[in-house]
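Chain by chain, the residues run as shown.
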Amino acid sequence: MRPTTGFAPANGSSPYTTARKNYRIVECSGSRINGHIMRQRQHVSLEMISLEKKDLDWGNLGFAYQPTDYSYVCNYKNGAWEEGGLTTDHSVVLSECSGVLHYAQEVFEGLKAYTTENGDIVCFRPDLNASRMQDSAKRLIMPPFPEDKFVDAVKQVVKANAAWVPPFGSGATLYVRPVMFATGIVIGVSPADEYQFRILVTPVGPYYSGGVRPVKVRIPDYDRAAPHGTGNIKAGLNYAMSLLPGTIAHEQGYADNMYLDPQTRTYVEEAGGANFLFVEKDGTLVVPKSFTDSILPSITRRSLVTVARDMLGMKVVERPVKFDEVRNGDFVECGMCGTAAVISPVGEIDNGDEKIVMASGMEETGPVMHKLRNTLTDIQSGKIQGPDGWVVKIC
C-alpha cells in the first residue's frame, strides 16, 4: 500500500493514489431494540482487505463529516454487550423516550487513522481511548465497553474503510469517532438499561489548512464544568456547556476560550476542546493540573509529556497554574493540544480589555511547541520510532 505521488491527473483529482486490493463482504441479519427494527444491525464482516482509494481531492479536504462505506455498531441489552460488527447503515433509530434524549447519557472518543511513510495504515494509542471511554461511561452509570473489544472494533472499521484513509503526504487523516449512548426507555431520572456503541469514520483535512500559526484565545465569563463534576470525562454534555462561549469567542475573532477553574476562577484549566501547555523561561514544560478534577486527561497531552521528558530530555512539571502567572509573563510559550491539531500555538490571551502577548508572539510557533509537535507527528507518521505500542498497525 505504498502511495505514488508526483503527478497531476488530467481530471483534476488529487495526485495521491495507492495500490488496489480486494474485499469480500458478507451481509448478516438484523435485530430489534425497544420494539424497533434496527437497520444498522445488518452487520457485515470483513474477510479480505482493502479497496482502491476513493477519487477525492485529498489535499483539499475540509474538517467536516462525510459518510464512508462502513460504520461499526454494537448493542447492550439484557445485561451484556452483543457481538457487534460492521454496518453500511449510518442512521440511528431511537424511541422518543430513550435515555440519551432526556438525561444525556452519552460519551464519545476521538482518534485518527492515517497512512505512514511506508504505506501502512495505523492508529495512535487506541488503547488509551478505550480506557478513557470506560472511565467516562462509569461516571454516567453506563456499561463500560470492553477495552479489547473497543480496539478490535477500531481495527475492523478502519480496515473496512481503508479506501477512505488519505494517502501519506496529503496532510489528511481518517477521523475515528466512537460514541456510546442510552437507547433504553427512561421516564424517571435513572440510568437506562439498553445502550448502543458505534464508531463512525470520516476523512478530514488538516485542522489548520493554511499551516500551523499562533492563535488568540480569551477568558470567557462562563465555566466549562462544575467543580468535581464531569469535566474530567469525555461526554457530550461538557461540550454543550462550551457551545455558547465558543460561539461568542469565534464571533469576536478568537480560536477558543481559556477556561479558568470553576471554583475560584484563578487557575488555568483547559480550552473548549483541548488542554493547555506552557513553557517557562528556562525551558521547563508546565502542564496545568486541576485541583477540582475538572480537566479532561488528553491522550495527546499525555503523549507530549512523555515525548518531552523521555525523548527530548526536557524538564516537565504538572501542577496547578495560576492565571496571574500568565498575566505576569512567567511563560514564554503557550499551546493547546488535542487530537485534531496536535498542538495549536497560542500567541495572545485576552481577558476583557487586558491583552497578554506571549514572548513567542503571533507570527511564528515557539521553538518548544514546534519541536514537540514535530516529534509527535513524526512518531505518528512512522518517520521516527516512538515508544512501544504507541503506533498500532491496522493493515
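For the structure, check the block above.
Below is a summary of the structure that appears in this document.

### A few points about the overall build of the protein
Reasoning step 1: Secondary structure summary: the protein contains 7 helices and 21 strands in total.
Reasoning step 2: Within the protein, residue pairs in contact and separated by at least 24 positions form 72% of the contacts whose partners lie at least 6 positions apart.

### Here we look at helix α5 (residues 299-311)
Reasoning step 1: The first and last C-alpha atoms of α5 sit 17 Å apart over 13 residues, in line with the 18 Å expected at 1.5 Å per residue.
Reasoning step 2: For α5, every residue scored as buried is listed here: Ile299, Thr300, Arg301, Ser303, Leu304, Val305, Val307 and Ala308.
Reasoning step 3: Capping the start of α5, Ser298 holds a side-chain oxygen 3.2 Å from the backbone nitrogen of Thr300, two or three residues further along.
Reasoning step 4: In the segment just after α5, Gly313 is the residue with positive phi, at about 70°.

### What to know about the nonpolar core
Soluble globular proteins: nonpolar side chains tend toward being buried together.
Reasoning step 1: With 50 residues, the main nonpolar core has Val158, Met180, Phe197 and Ile199 as its most contacted residues.
Reasoning step 2: When residues of this core are traced back to their parent elements, those giving at least two are β5 (71-77), β8 (106-108), β9 (111-115), β10 (121-124), α2 (126-139), α3 (147-160), β11 (173-182) and β12 (195-204).
Reasoning step 3: When residues in this core are grouped by element, the largest group, 7 residues, is from α3.
Reasoning step 4: Residues in contact with Ile199, not counting those within four places in the same chain, are Ser71, Tyr72, Ala153, Val154, Val157, Val176, Arg177 and Pro178.
Reasoning step 5: Within the second largest apolar cluster, 22 residues are counted, among which are Leu277, Val307, Val316 and Val368.

### Some thoughts on the pattern of salt bridges
Close approach of charged atoms lets side chains of opposite charge pair.
Reasoning step 1: Under the definition given, this model contains 12 salt bridges.
Reasoning step 2: We note a salt bridge from Asp223 to Arg265, for which the minimum N-O separation is 2.6 Å. With Asp223 in the loop between β13 (215-218) and α4 (236-251) and Arg265 in the loop between β14 (256-257) and β15 (275-280), this residue pair connects regions lying 42 residues apart in the sequence.
Reasoning step 3: In this structure, Glu280 and Arg319 form a salt bridge, with 3.3 Å as the shortest nitrogen-oxygen distance. Of this pair, Glu280 sits in strand β15 while Arg319 is found in strand β17 (residues 316-319), placing the two residues 39 residues apart along the sequence.
Reasoning step 4: Exposure remark for Glu280: the relative accessible area of 22% places this residue in the partly exposed category.
Reasoning step 5: The network of salt bridges with shared partners includes Glu280, Arg319 and Glu325.

### Considering the pairing of strand β18 (residues 331-338)
Reasoning step 1: Among the 8 residues that make up β18, 7 are buried, leaving the element largely enclosed by the rest of the structure.
Reasoning step 2: Bridge count for β15 against β18 is 6 bridges, and the pairing is antiparallel. Within β18, the residue paired with Phe278 across the bridge is Cys334.
Reasoning step 3: In terms of strand pairing, β18 meets strand β19 (residues 342-351) through 4 bridges, oriented antiparallel. Looking at the pairing, Gly338 lines up with Val342 of β19.
Reasoning step 4: Here β18 folds back onto β19, and the loop between the two strands holds 3 residues.

### Let's talk about the pairing of β10
Reasoning step 1: Of the two faces of β10, the one lined by Ile121 and Cys123 and the one lined by Val122 and Phe124 are each fully buried.
Reasoning step 2: Counted along the chain from β9 to the antiparallel partner β10, the turn is 5 residues long, and its residue Gly119 has a positive phi close to 95°.
Reasoning step 3: Pairing of β10 with strand β21 (residues 391-393) involves 3 bridges; the strand directions are antiparallel. In the strand pairing of β21, Phe124 is matched with Val391.

### Quick word on α4
Reasoning step 1: For α4, with 16 residues, the first-to-last C-alpha span of 22 Å sits near the 22 Å given by 1.5 Å per residue.
Reasoning step 2: Those residues of α4 not exposed but buried are Asn238, Ser242, Pro245, Gly246 and Ala249.
Reasoning step 3: Looking at the buried residues of α4, the elements they touch are β13 and β14.

### Observations regarding the packing of aromatic side chains
Reasoning step 1: One pass over the structure, following the stated rule, counts 12 aromatic pairs.
Reasoning step 2: On the basis of an interplanar angle of 85° and a centroid distance of 5.5 Å, the ring pair of Phe124 and Trp390 is categorised as edge-to-face. Placement of the pair is Phe124 in strand β10 and Trp390 in the loop between α7 (367-381) and β21, with a sequence separation of 266 residues. Residue Phe124 shares its accessibility class with Trp390, and that shared class is buried.
Reasoning step 3: Three or more aromatic residues link up through ring pairs in this structure, and these residues are Tyr72, Tyr76, Trp81, Phe145, Phe150, Tyr195 and Phe197.
Reasoning step 4: Residue placement shows Lys216 over the ring face of Tyr254; its charged tip is 5.0 Å from the ring centre.

What counts and what doesn't
- In every chain, residue numbers begin from 1 and rise along the written sequence.
- Restriction of local features to residues with pLDDT of at least 70 applies here, the model being predicted, together with a cutoff of 80 or more for giving and counting side-chain atom pairs; totals for whole chains, interfaces and linings are based on all residues.
- Hydrogens and waters are ignored; side-chain quantities use all the structure's heavy atoms.
- Put simply, DSSP marks the helices as runs of H or I at least four residues long and the strands as runs of E at least two long, and each gets a number from the N terminus on.
- The criterion used for residue contact is that any of the two residues' heavy atoms lie within 4.5 Å.
- Expected span of a helix: the number of residues minus one, times 1.5 Å.
- Throughout, exposure labels follow a simple rule: accessible area from a 1.4 Å probe, protein chains only, divided by the maximum for the residue type, with under 20% read as buried, over 50% as exposed, and the rest as partly exposed.
- Whenever two N or O atoms come within 3.5 Å, that pair is a polar contact, provided that in protein one can donate a hydrogen and the other can accept it, and provided that, for residues adjacent in sequence, both atoms are side-chain atoms.
- The nonpolar core is taken to be a set of buried Ala, Val, Leu, Ile, Met, Phe, Trp, Tyr and Cys residues, with the residues joined through side-chain atoms within 4.5 Å.
- Criterion for a salt bridge: a side-chain nitrogen of Lys or Arg within 4 Å of a carboxyl oxygen of Asp or Glu.
- DSSP-based pairing: two strands are paired if at least 2 bridges between them are found.
- To pair, rings of Phe, Tyr and Trp, with the six-membered ring standing in for Trp, must have centres within 6.5 Å; the planes then decide the type, stacked if under 30 degrees apart, edge-to-face if over 60, and tilted in the middle.
- Geometrically, a charge over a ring is one whose NZ (Lys) or CZ (Arg) sits within 6 Å of the ring centre while staying within 35 degrees of the ring normal.

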